[in-house]
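Here is how the chains run, residue by residue.
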Amino acid sequence: TRVAVLISGTGTNLQALIEQAKRPSSSAEIVLVISNRPGVLGLKRASLAGIQTRVVDHKLYGSRAEFDTTIDRVLEEFQVEVVCLAGFMRILTGPFVKKWSGKLLNIHPSLLPSFKGVNAQKQALQAGARVSGCTVHFVAEEVDAGAIIAQEAVVVEVDDTEESLSERIRHAEHKAFPVAMELVASGAVRLGEDGRIAWQHGA
Ligand SMILES: N[C@@H]1O[C@H](COP(=O)(O)O)[C@@H](O)[C@H]1O
């Protein structure tokens, strides 16, 4: 399955996906990495892994729709079948999400549906949660509300800061995202008509 990864920064989740796709048993082939920010570390990781990269700088577009149309065109150019949003810090428009429904995965640093939106790690700390983690989900038009594919939990330590909890959650992300990518790329999991997860029996 031809996979594209969209990033905005350091790309540690991208690196975890690259390592997964290298496995002989993997159904995923990462054929493209797109960043909306030039010069980020994630682009270097992609080049080192021999993966084609494109920069689509959102600052150069007059509207989200124009930006998304360009992203869509590049994905089509590479005949991409599945898209992983790995620390991609842009909210995609309704028409784009609808077109890629069931093929668009995102990682969020909390155990959804808790702590949606930005600063999810800080929200968990402020709420006094004793457990947090990360979630990989299909992207829906409502932000952070799509069907959940995989989750990984972490303990919140009493002396945790936003940084220390974020670091622990990031390690959990590097386990959960490859699992979710593989489930979708292999066809074991898909998005059902009802917007819920559908497991392919015997897959
Ligand atoms: N949305 C958040 O952005 C971070 C991206 O990290 P990286 O994969 O670029 O290192 C991750 O923690 C993800 O949850």
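Per-chain numbering applies: the sequence of each chain, read as written, is numbered from 1 onward. Selection of residues for local features in this predicted model requires a pLDDT of at least 70, selection of side-chain atom pairs for listing and counting requires 80 or more, and totals for whole chains, interfaces and linings are taken over all residues. Note that the side-chain values use all heavy atoms of the structure and ignore hydrogens as well as water.

Student: Any chance you could break down the overall build of the chain for me, citing the residues and the numbers?
Tutor: Secondary structure elements are defined from DSSP: runs of H or I of at least 4 residues count as helices, runs of E of at least 2 residues count as strands, and each element is numbered from the N terminus. The secondary structure content of the chain amounts to six helices and nine strands. For the chain, the C-alpha radius of gyration of 16 Å lies close to 17 Å, the compact-globule estimate for 203 residues. Within the chain, residue pairs in contact and separated by at least 24 positions form 62% of the contacts whose partners lie at least 6 positions apart. For the accessible areas, the method is Shrake-Rupley and the probe is 1.4 Å, while residue cover comes only from the protein chains on display. As presented, the chain carries roughly 10,000 Å² of accessible surface, and 52% of it is formed by carbon and sulfur atoms. Each radius of gyration reported is based on C-alpha atoms, and the globular scaling rule is 2.2 Å times the count of residues to the power 0.38. The contact criterion used throughout is that any non-hydrogen atoms of two residues lie within 4.5 Å.

Student: Residue-level account of the nonpolar core, with values.
Tutor: Grouped together as the largest cluster of nonpolar side chains are 41 residues, with contacts concentrated most on Val 5, Ile 30, Val 33 and Leu 105. If you tally residues by element for this core, the top one is helix 6 (residues 162-185), at ten residues. In contact with Val 5, not counting residues within four places along its chain, are Leu 14, Leu 17, Ile 30, Leu 32, Val 33, Ile 34, Cys 84 and Ala 86. Among buried residues, the Ala, Val, Leu, Ile, Met, Phe, Trp, Tyr and Cys ones that are joined through side-chain atoms within 4.5 Å form a nonpolar core. Burial classes: relative accessible area under 20% of the type maximum marks a residue as buried, over 50% as exposed, and values in between as partly exposed (1.4 Å probe, protein chains only).

Student: So, unusual backbone geometry: which residues are in play, and what are the values?
Tutor: Between Leu 112 and the following residue, Pro 113, the backbone shows a cis peptide bond with an omega angle of 10°. With respect to the helices, strands and loops of the structure, Pro 113 is situated in the loop between strand 5 (104-108) and helix 5 (120-127). If you check the backbone angles, Phe 115 has positive phi at about 60° while not being a glycine. Relative to the helices and strands, Phe 115 resides in the loop between strand 5 and helix 5.

Student: How would you sum up the packing of aromatic side chains? Please name residues and give values.
Tutor: Only the six-membered ring of Trp is used, alongside the rings of Phe and Tyr, when aromatic pairs are assigned; centres must lie within 6.5 Å, and planes under 30 degrees apart are stacked while those over 60 apart are edge-to-face, with the rest tilted. Applying the stated criterion across every chain yields a total of three aromatic pairs. With 5.9 Å between their ring centres and 70° between their planes, Tyr 61 and Phe 67 make a pair best called edge-to-face. Classification of Tyr 61 by relative accessible area gives partly exposed; the value is 26%. Directly above the aromatic system of Trp 100 lies the positively charged group of Lys 103, at a separation of 5.9 Å from the ring centroid. A ring has a charge above it when a Lys NZ or an Arg CZ is no more than 6 Å from the ring centre and no more than 35 degrees off the ring normal.

Student: With reference to specific residues and values, describe the environment of Leu 165.
Tutor: Along the polypeptide, Leu 165 turns up in helix 6. For Leu 165, a relative accessible area of 0% puts it in the buried group.

Student: Account for the packing of helix 1 (residues 12-22) against helix 2 (residues 41-48), naming residues and giving values.
Tutor: Here helix 1 crosses helix 2 at 15°, and the two axes come no closer than 9 Å. Taken together, the axes of helix 1 and helix 2 are roughly parallel relative to one another. As for how helix 1 packs across helix 2, the hand of that crossing is right-handed. Contacts between helix 1 and helix 2 pair Thr 12, Leu 14, Gln 15 and Ile 18 from the former with Gly 42, Arg 45 and Ala 46 from the latter. Of the residues belonging to the contact of helix 1 with helix 2, the class tally is three nonpolar, three polar and one charged. Each axis is a line fitted through C-alpha atoms, taken for helices only over the stretch in contact, and angles between the N-to-C directions span 0 to 180 degrees. Angle categories are assigned with fixed cut-offs, so that under 35 degrees is roughly parallel, over 145 is roughly antiparallel, 65 to 115 is roughly perpendicular, and the rest are oblique. By convention, the crossing between two helices is left-handed when the near helix turns anticlockwise from the far helix through less than a right angle, and right-handed when the turn is clockwise. Only Asp, Glu, Lys and Arg are considered charged, only Ala, Val, Leu, Ile, Met, Phe, Trp, Tyr, Cys and Pro nonpolar, and every remaining residue, Gly among them, polar.

Worth remembering: the numbers are spatial, not functional.
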